[in-house]
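Chain by chain, the residues:
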Amino acid sequence: MAEPESSPFLTEMESAPFQLEEKPGLARPSIRSRIVQICAPFKFSIILLSLFFYTGVVIIAARSSSVTCVNERTWSPALEALEWENRHLGAYIQYGNYTGEPSQHVDASWNSLLQGMSIKILPEELKRIGTASLELRDGSGYMGSLAVFHELHCVKVLRQGLYKDFYWRNSTERELVLKHEHMEHCLEVIRLSTMCRGDISVIPSVWEYDNREGGSGALLGPSIRDGRALHRCVKWDRLQSWAKSRRLDLSDSTLLLPDSEYS
């Protein structure tokens, strides 16, 4: 018994819309070329959507990187105290509270600037930071310090080294050796921290003349004017207020768990 003739998947009427009219002298388009013609509009749409998506990603990335660099920082409990501002830094010796010959006023200014150097770090905060530190005797936390205070401490040490005959006049020979090593350490801390932050604010240049008291007025050469550059800075008062709220009194000899009690 003969098998019935199989029917094509599409009947002639159903396949008609996909057929191109044959013209004399022209070869009938291949299946591949017909598929290309059908898919061309979709291909254009996919490319257009890809361009829109890429543009959106670039805009979002640019916005997120221009707000602050907080997301690129290592975690710190002090992140909640950070606010930023743009300002000029006028490093003028004659107007400073932290420079010049030793005086009660200058020393008091430095002591005030370093309030909040030693602070309490809560147990869960130290765990998140992923390090170890000296434990408080009452078990409420650990002693730590924000890096910026260590750097300011180093600046203070270097300033005292400029006037060592005043600040270290009663030091023994051994103490002077240790203080010199401390100064070398502080120079390295400031070098590394300065390079770490990499402030890219552009500082303009000017011609400098010897116009200070007793000067000749002669041209000294090109010089930079940092006071004219705009820097992105932390609002210091807010950050220090946060640190002072956690300040530890190191004059209390019972503050820390004794070394003998560490396992």
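Model, not experiment: these values are computed from the prediction.

The rules we used
Residues numbered from 1 in each chain as written. Predicted model: local features only at pLDDT ≥ 70, side-chain atom pairs only at ≥ 80, totals over all residues. Heavy atoms only, no water. Helix = DSSP H or I, 4+ residues; strand = E, 2+ residues; numbered from the N terminus. Buried < 20%, exposed > 50% of the residue type's maximum accessible area, 1.4 Å probe, protein only. Contact = heavy atoms within 4.5 Å. Axes fitted to C-alpha atoms, helices over the stretch in contact; angles between N-to-C directions. Parallel < 35°, antiparallel > 145°, perpendicular 65-115°, else oblique. Left-handed = near helix turned anticlockwise from the far one by under 90°. Nonpolar A, V, L, I, M, F, W, Y, C, P; charged D, E, K, R; others polar. Disulfide = S-S within 2.5 Å. pLDDT = per-residue confidence, 0-100.

**With respect to the overall build of the chain**
Here is step 1 of the chain: Looking only at helices and strands, the chain features eight helices and six strands.
Here is step 2 of the chain: Starting at the N terminus and walking to the C terminus, you meet the elements of the chain as α-α-β-α-β-α-β-α-α-α-β-β-β-α.
Here is step 3 of the chain: Within the span of the chain, comprising 263 residues, buried residues form 21% of the whole.
Here is step 4 of the chain: When contacts within the chain are restricted to residue pairs at least 6 apart in sequence, long-range pairs at least 24 apart make up 65% of them.

**Regarding the packing of helix 3 (residues 104-113) against helix 5 (residues 147-162)**
Here is step 1 of the chain: Two numbers describe how helix 3 lies on helix 5: the axes approach to 10 Å, and their chain directions differ by 160°. Compared by their axis directions, helix 3 and helix 5 come out roughly antiparallel. Where helix 3 crosses over helix 5, the two elements pack in a sense that is left-handed. Touching V106, D107, W110, N111 and L113 of helix 3 are F149, L152, V155, K156 and R159, all from helix 5.
Here is step 2 of the chain: Of the residues in the contact of helix 3 with helix 5, the class split is six nonpolar, one polar and three charged.

**Structural notes on the side chain of R246**
Here is step 1 of the chain: One can find R246 in the segment after helix 8 (236-244).
Here is step 2 of the chain: On the accessibility criterion, R246 (17% relative accessible area) is buried.
Here is step 3 of the chain: Ignoring anything within four residues of it in the chain, the contact list for R246 reads P77, S118, I119, K120, I121, L122 and E125.

**Digging into the state of the cysteines**
Here is step 1 of the chain: Summed over the entire model, instances satisfying the criterion amount to one disulfide.
Here is step 2 of the chain: Put simply, C154 and C186 are joined by a disulfide, and their sulfur atoms are 2.5 Å apart. Across the S-S bond of C154 and C186 the torsion is about -65°, and the bridge reads as left-handed. Taken together, the residues C154 in helix 5 and C186 in helix 7 (residues 173-197) connect sequence positions 32 residues apart.
Here is step 3 of the chain: Among the residues examined, C154 registers a relative accessible area of 0% and is labelled buried.
Here is step 4 of the chain: When its relative accessible area of 0% is taken as the criterion, C186 is described as buried.

**Description of the confidence of the model for the chain**
Here is step 1 of the chain: On average, the chain scores 81 in pLDDT, and the residues at 70 or more come to 70%.
Here is step 2 of the chain: Note on residues 1-23: pLDDT is under 50 here. Beyond four places in sequence and across chains, it has eight contacts.

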